[in-house]
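# A look at the structure
Residues per chain are reported as follows:
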Amino acid sequence: MSSANFKLKVSVNQDVCVGAGLCVLSTSDVFDQREEDGVVRLLQTEPDEAHYEKVLGAARKCPSKAIRVEKIDDTAAPGGQP
Amino acid sequence: MQDSRPIVIVGTGQAALQAAGALREEGYVGALCMIGEERGLPYTRPPLSKAWLESMTDVRELHLEEADWFVSNNIGLLDGQRVAAVDRAKHAVQLASGRVVEYAHLILATGARNRAWPFMQSPLKGALSLRTLADADELKAQLGSAARLVIVGAGFLGMEVAGVAAARGCAVHVVETAERPMTRALSAAMSAHITEHLERAGVRFSFDAQVSRLGGEAGRVKLVELTDGTRLDADLVLVAAGVEPCCELGLDCGLPVFNGFVVNGLLRTIDPAISAIGDCAAFPYAFDGGDLIRLESVQNTVDQARHIARTILGAHDAFDPTPIFWSELAGARLQIAGVARRLDGAVVRGDPRSGRFSVFRYRHDRLTGVESFNRPADHMLGRRLLQRRLSPPREQVADLSCDLQALLTERTA
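Report follows, based on the coordinates. Counting restarts for each chain: residues are numbered from 1 in the order of the written sequence. Chains and ligands are labelled by the order in which they are written, letters from A for the one and numbers from 1 for the other. Residue-level local features of this predicted model are given only where pLDDT is at least 70; pairs of side-chain atoms are given and counted only at 80 or more, and the full residue set underlies all totals for whole chains, interfaces and linings. Only hydrogens and water are removed before side-chain values are computed, so all heavy atoms of the structure are retained for them.

### Description of the overall build of chain A
Each helix and strand in chain A was counted, giving 2 helices and 4 strands. Sequence-ordered secondary structure for chain A, helices as α and strands as β, is β-α-β-β-α-β. Three labels apply to residues, based on accessible area from a 1.4 Å probe with only protein chains included: buried if under 20% of the type maximum, exposed if over 50%, partly exposed otherwise in between. When each of the 82 residues of chain A is scored for burial, the buried share is 44%. Of the contacts made within chain A by residues no fewer than 6 positions apart, 64% connect residues no fewer than 24 positions apart. Calculation of accessible area relied on Shrake-Rupley with a 1.4 Å probe; when residues are assessed, cover is drawn exclusively from the protein chains displayed. Surface accessibility of chain A: about 4,300 Å² in total, with carbon and sulfur atoms responsible for 43%. Each helix corresponds to a stretch of at least 4 residues labelled H or I by DSSP, and each strand to a stretch of at least 2 residues labelled E; elements are numbered beginning at the N terminus. What makes two residues a contact is simply this: any of their non-hydrogen atoms within 4.5 Å.

Pasting the structure below:
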């Protein structure tokens, strides 16, 4: 994923999150858990490309399927960014 | 590890995949492969009795990693291959195909299978069980046209499916041999509330009840008869009567098996070159003085996978988890921290009638578990208390106006 011509947009559903915290293990730059109840807290909605693999992995591994990742075409960067 | 032989993982479920991933993350660069019977990419099972039956349709969302991940991480995936034997003296496994694979270290992540049920031996159409993705697809397809579903077993799986099916307009009847649902995991107070919650969603129950036979017509299930003579009409039956660990490999090569491969705090069997993790491993629960337990949960699987990766690469700390579990039951969120035993006491916090409450479990004055129904903050608190072996006095727990968080901050300060 060195020259993606898409962007990832991340969203979370706090109503179904069970606070397992696997997403934070994947990447604590993008996901955090609320102090009081362990529910997911999103730190960035459009993370840096360097985090894409981890973010996609976190979404796949989330046991309650609380993480949604949308691929959106990044027409502003044809051929990708360095 | 100066050994050209690979680390071999038996299994292609979540435990196996997480162990492989953790080994790479921890810096292991040697050869690594996963071998398992099921075909296809490793997938996550929890949604199979929840979102997959409800709304999810894209199988890629169940895959724990995509095919290119195995390539880029140089992890061999030998799916559709059964390991038939372990030769401990030669450090090798033999596949059913005859192929022999040597190992530097062997991780058994063979998982569990649904317990055999006598009535399933001459299968009727419409009498199903649920463990694999293929099972879930079959159930999903048949749920579409089913009007009457009988579920045998009121454990997590049966109760989750009951909630989903009832929401789809199916008449659901759950038959359970014990006097209440989820007996192994929950206090009587929480069990009773969950029963009421599902009854409100339209689910009916027979407790203290046993199936005597399944009746069929033209090869298709038609009714479920109980030993007391009750006949339940059904066009679909789900048997959700629990699982047993897959441990045949250990029996044949002399590894101790007692409700799972017996491992020590490092998750090693008596053979230091062989470990076991996940649903198939019976490990010493440090919190309970090292009594052997076996857990069936994603959290346990992930924690053990990370632990085994670290210890194979040289760490020496014993596995000391605070187990957590969760379930989705007809729109409610149940979360459990710790592993309480059946006779452990119960203190209710909050009013169950409000639909948000927790049950704190005690053995004498010691907190052993916290069950939370739509109260995630109590769950988080419970995790932290158990992690630090703190036990709030029962009277404080019973009093909602008492701030239990203070207990944590006091001790940290």
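There's plenty left to go through after this.
### Focus on the nonpolar core
Residues and elements named next belong to chain B. Counting residues in each nonpolar core, the largest one holds 114 residues, and the members touching the most others are V93, L149, V172 and I194. Considering each element in turn, this core owes the most residues, 7 residues, to helix α1 (residues 14–25). Residue contacts for V172: discarding those within four places in its chain leaves L149, I151, A162, A165, A166, G202, V203 and R204. Only buried Ala, Val, Leu, Ile, Met, Phe, Trp, Tyr and Cys residues count toward a nonpolar core, and they belong to the same one when joined by side-chain atoms within 4.5 Å. Grouped together as the second largest cluster of nonpolar side chains are 15 residues, V175, V211, V221 and V224 included.

### Quick look at empty space enclosed by the protein
Residue and element names in this part refer to chain A. Think of a 1 Å grid over the protein atoms and nothing else: a 1.4 Å probe that fits but is trapped marks a cavity, an open set flanked by protein within 12 Å on at least five of seven lines marks a pocket, and residues with an atom within 4 Å of a point count as lining. Grid points are joined across faces, edges and corners, and a volume is the space filled by probe spheres set on the points. Counted under the stated rule, the structure contains 2 cavities of 30 Å³ or more. There is about 110 Å³ of room inside the largest cavity. Looking at the largest cavity, it is lined by 15 residues, and the ones nearest its centre are C17, A20, G21, C23 and C62. Split by residue class, the lining of the largest cavity holds 10 nonpolar, 5 polar and no charged. Of the pockets and cavities examined, the second largest cavity occupies roughly 60 Å³. For this classification, the nonpolar set comprises Ala, Val, Leu, Ile, Met, Phe, Trp, Tyr, Cys and Pro, the charged set comprises Asp, Glu, Lys and Arg, and every other residue, Gly included, is treated as polar. Per-class residue counts for the lining of the second largest cavity are 3 nonpolar, 3 polar and 3 charged.

### Considering the pattern of salt bridges
All names here are of chain B. The term salt bridge refers to a pairing of a side-chain nitrogen on Lys or Arg with a carboxyl oxygen on Asp or Glu at a separation within 4 Å. For the coordinates displayed, the defined rule picks out 33 salt bridges over all chains. Between R180 and E179 there is a salt bridge, with the nearest N and O atoms lying 3.8 Å from each other. Among the residues examined, R180 registers a relative accessible area of 11% and is labelled buried.

### Here's the deal with the sheet that holds strand β24 (residues 345–349) of chain B
Residues and elements named next belong to chain B. DSSP bridges decide pairing: two strands pair if at least two such bridges lie between them. Here we have 5 strands laid out as an open sheet, ordered β22-β23-β26-β25-β24, and antiparallel in their pairing. Of all the strands in the sheet, just β22 (324–329) and β24 have a single pairing partner and so form its edges. The sheet shows a mean angle of 20 degrees between the axes of neighbouring strands, taken without regard to direction. Note: β24 against strand β25 (residues 357–363), 5 bridges, orientation antiparallel. Of the residues in β25, the one forming a bridge with G345 is Y362. Interaxial angles span 0 to 180 degrees and are taken between N-to-C directions of axes, which are lines fitted to C-alpha atoms, for helices over the stretch in contact.

### Digging into the interface of chain A and chain B
Between chain A and chain B, the contact holds 22 residues from the first and 31 residues from the second. At the boundary of chain A with chain B, total buried surface from both sides reaches about 2,000 Å², with 48% on carbon and sulfur atoms. By buried area we mean the combined loss of accessible area, with a 1.4 Å probe, across both parts when two parts are placed together. Summed over the three residues of chain A that lose the most area to chain B, namely V18(A), R60(A) and K61(A), the buried surface amounts to 32% of that side. Linking chain A to chain B there are 5 salt bridges. E35(A) is paired through a salt bridge with R384(B); the nearest N and O atoms lie 3.8 Å apart. Here a polar contact is taken to be a pair of N or O atoms separated by no more than 3.5 Å, where protein atoms must pair a possible hydrogen donor with a possible acceptor and residues adjacent in sequence count only if both atoms sit in side chains. Applying the counting rule to chain A against chain B returns 10 residue pairs in polar contact (both at pLDDT 80 or more).

### Quick word on the packing of α1(B) against helix α8 (residues 298–312) of chain B
Residue and element names in this part refer to chain B. Packing of α1 against α8 leaves a shortest axis separation of 8 Å and a crossing angle of 40 degrees. The two elements α1 and α8 cross, and the hand of that crossing is right-handed. Residues Q14, A15, Q18, A19, A22, L23 and E25 of α1 touch α8, and the partners they reach there are V298, T301, V302, A305, R306, I308, A309 and I312. Looking at the contact of α1 with α8, its residues break down into 10 nonpolar, 3 polar and 2 charged. By convention the crossing between two helices is left-handed if the near helix lies anticlockwise of the far one by an angle smaller than a right angle, and right-handed if it lies clockwise.

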